[in-house]
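# Descriptive structure summary
These are the residues of each chain, in order.
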Amino acid sequence: MSSGKVGKWYGMLAGLLLACAGVMNVLPVRAQNSIRVTAFNRLETDITARVTASVRDQNGEVCALIRIVTTDKNLMFEPDALGIVKRENKTGEVWLYVPRGARRISIMHNTYGVLRNYFYPDIIEEATVYEMALSVGAEALGAETDTGMQLLAIRPEPATADVYIDEEKMPTENGLFTATMKKGTHTYRVEAPMYATEAGAIELGDEQKAMSVSLKPQFGYLEVFSLPEQDAKVYIDSVEVGVTPYRSDRMPLRDYGIRVEKDLFFPIDSIVTIQSGETASLTFTLTSTVKPRTPRRMLIMAVAGYGSSQVSYGGTIGFVRENGAYVSFRSDFGSVSDEGMECDDTGTLTAGGEGKPYYKDGIEHKSRLSVTVGYLRHLWKPFYFYVGAGYGSRILAWETVDNEVVKNTDRSAEGVAGELGFIVRAGKFAISAGYHTVNFQHHEVSGGIGFMF
């Protein structure tokens, strides 16, 4: 690299270092700029406000005069709610006329920043003169005089809360209150709608005081859901507020009556307690006012009957919702001819011959058959009723010593078969109990077990 280029690079580096040094020298000076009140006194013998240059406020009262000792006339002033009646720039001073009872003032400068909410350490009275000694910029940093004032900062949560100092409402900026106040004890109160108020005392001493005040919420929230469908109307204390899914705004802490309504569903009522900072959640299960259609069920059942020392077996098949039908069959699977000789219960022949044959002792022939169709009715939950009719026969015959079969007409029946009974369903299982007759001459109790699905 040539000596010319080396010299050029050294020159650029030196310039950069000098520029950095200049910035470092300037920054501390700007960082130290500030505004400070070094003294505040009542001028008992000064009659300017009362006699020589009096100014009246809008109520006709004579204003107090605050003579601000400063050579910088670029200062701006922001008063409290009572305002500033008049400002005059004098040699070495700025005169501010304020109404009696004024409490504070903010002092601002485009270069030196803001002294916000300076509380007057004396009572501002009518037609009285006060002197405020003011230092600005670097001069203020060197002013070590104890003015008996100290900085107070309060950050409330929520940021919109109102801050009261000594029972006077204070202005806040971006959720922060700052003020320069007289040392000693001051009361404070922070309050906001739907929050618990917090109050207490503050002791201002030699050190600045900064504090955060978080108010406890005096509200909660409510969520309401409905199943199996949403869009149900939501009522809070009989007032319609929306539809499900519903989320409330802030609600004060207490009990509320909640009601949900939807067409074709029964309304539901409930009570909910709203607690501090919490969200109460309610889910309502709606019941339709339209009775659901009962599913059609199929019945398959094995049945048995017993009567007159005779057992029969068979089966039933049917279908039912609220109403249904079935077909049933039963038999002893025996076979006895009903043609030939007949007798009565004494054994005397009534057809096919005369007299009384000799019978084999204890030898009987039986035959049983019934086919019925009927009506099924769903009564209530698991209970069903059935009734049916059809054809049935029951034959009892005795055997003679000549190996001939004689039908006993007194103990035989043939013709209309009828039955009735109940069925109980347990899940997919079903059992039945009933009564069966053939021509009201042969009688049986019957039972069954099977499936209904």
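Procedures and definitions
Residues numbered from 1 in each chain as written. Predicted model: local features only at pLDDT ≥ 70, side-chain atom pairs only at ≥ 80, totals over all residues. Heavy atoms only, no water. Helix = DSSP H or I, 4+ residues; strand = E, 2+ residues; numbered from the N terminus. Contact = heavy atoms within 4.5 Å. 1 Å grid on protein atoms, 1.4 Å probe; cavity = no way out; pocket = protein on both sides within 12 Å on 5 of 7 lines; lining within 4 Å. Points joined across faces, edges and corners; volume = space filled by probe spheres on them. Nonpolar A, V, L, I, M, F, W, Y, C, P; charged D, E, K, R; others polar. Pairing = 2+ DSSP bridges. Axes fitted to C-alpha atoms, helices over the stretch in contact; angles between N-to-C directions. Core = buried A, V, L, I, M, F, W, Y, C linked by side-chain atoms within 4.5 Å. Buried < 20%, exposed > 50% of the residue type's maximum accessible area, 1.4 Å probe, protein only. pLDDT = per-residue confidence, 0-100.

### A short note on the overall build of the protein
Each helix and strand in the protein was counted, giving three helices and 34 strands. Seen through its principal axes, the protein has C-alpha atoms that stretch 165 × 85 × 35 Å. In the protein, the proportion of contacts linking residues at least 24 apart, taken out of those at least 6 apart, comes to 59%.

### A few points about empty space enclosed by the protein
Rolling a probe over the atoms, with the probe sized like a water molecule, indicates the empty space that remains. Evaluation of the coordinates by the stated rule reveals one cavity of 30 Å³ or more. Size it by volume and the largest cavity reaches roughly 120 Å³. Counting only elements with at least two residues in the lining of the largest cavity, the list comes to β24 (297–307), β26 (323–331), β32 (413–426) and β34 (442–452). When the residues that make up the lining of the largest cavity are grouped by side-chain class, the tally is seven nonpolar, five polar and two charged.

### Looking at the sheet that holds strand β11 (residues 168–170)
Spatially, the four strands line up as an open sheet ordered β11-β10-β13-β14, and their pairing is antiparallel. What marks the edges here is a single partner per strand, and that holds for β11 and β14 (198–204). Strand-to-strand twist of the sheet, defined as the mean angle between neighbouring strand axes without regard to direction, takes the value 30 degrees. Where strand β10 (residues 162–165) meets strand β13 (residues 184–191), four bridges bridge the pair, whose relative direction is antiparallel. Bridge pairing in β13 places Tyr164 opposite Arg189.

### A few points about the nonpolar core
Core analysis: the largest hydrophobic core is formed by 23 residues, its most contacted members being Ile107, Tyr118, Tyr120 and Met132. At four residues, strand β8 (residues 129–136) tops the list of elements feeding residues into this core. When residues no more than four places from it in sequence are discounted, the contact partners of Tyr120 are Phe40, Ile66, Ala102, Arg103, Arg104, Ile105 and Met132. With 20 residues, the next largest nonpolar core counts Leu152, Val190, Tyr195 and Met211 among its residues.

### Notes on the layout of surface pockets
By volume, the second largest pocket is sized at about 180 Å³. Lining the second largest pocket are 13 residues, with Arg103, Phe119, Tyr120, Pro121 and Asp122 sitting closest to its centre. Here the residues of the lining of the second largest pocket sort into seven nonpolar, two polar and four charged.

### Focus: the environment of Ala304
Turning to its location among the elements, Ala304 is positioned in strand β24. Separated by 131 residues in sequence, Ala304 and Tyr435 place their C-alpha atoms 11 Å apart.

### Details of the sheet that holds strand β4 (residues 86–90)
Spatially, β1-β8-β2-β5-β4 is the arrangement adopted by the five strands of the open sheet, whose pairing is mixed. Looking at the sheet topology across the chains shown, the edges are occupied by β1 (35–43) and β4. Mean inter-strand twist for the sheet, computed between neighbouring axes without regard to direction, equals 20 degrees. With five bridges connecting them, β4 and strand β5 (residues 93–98) associate as antiparallel partners. If you follow Lys90 over to β5, its bridge partner there is Glu93.

### Focus: the confidence of the model for the protein
In the predicted model, the protein carries a mean pLDDT of 89, and 91% of its residues have values of at least 70. Throughout residues 1–33 the model reports pLDDT below 50, and contacts reaching past four residues in sequence, or to other chains, amount to eight contacts.

### Observations regarding the pairing of strand β12 (residues 177–182)
For β12, the tally of buried residues reaches five of six residues, placing the bulk of the element in the interior. Direction of pairing for strand β9 (residues 149–157) relative to β12: antiparallel, over a ladder of six bridges. When the bridges of β12 are listed, Ala153 appears paired with Thr178.

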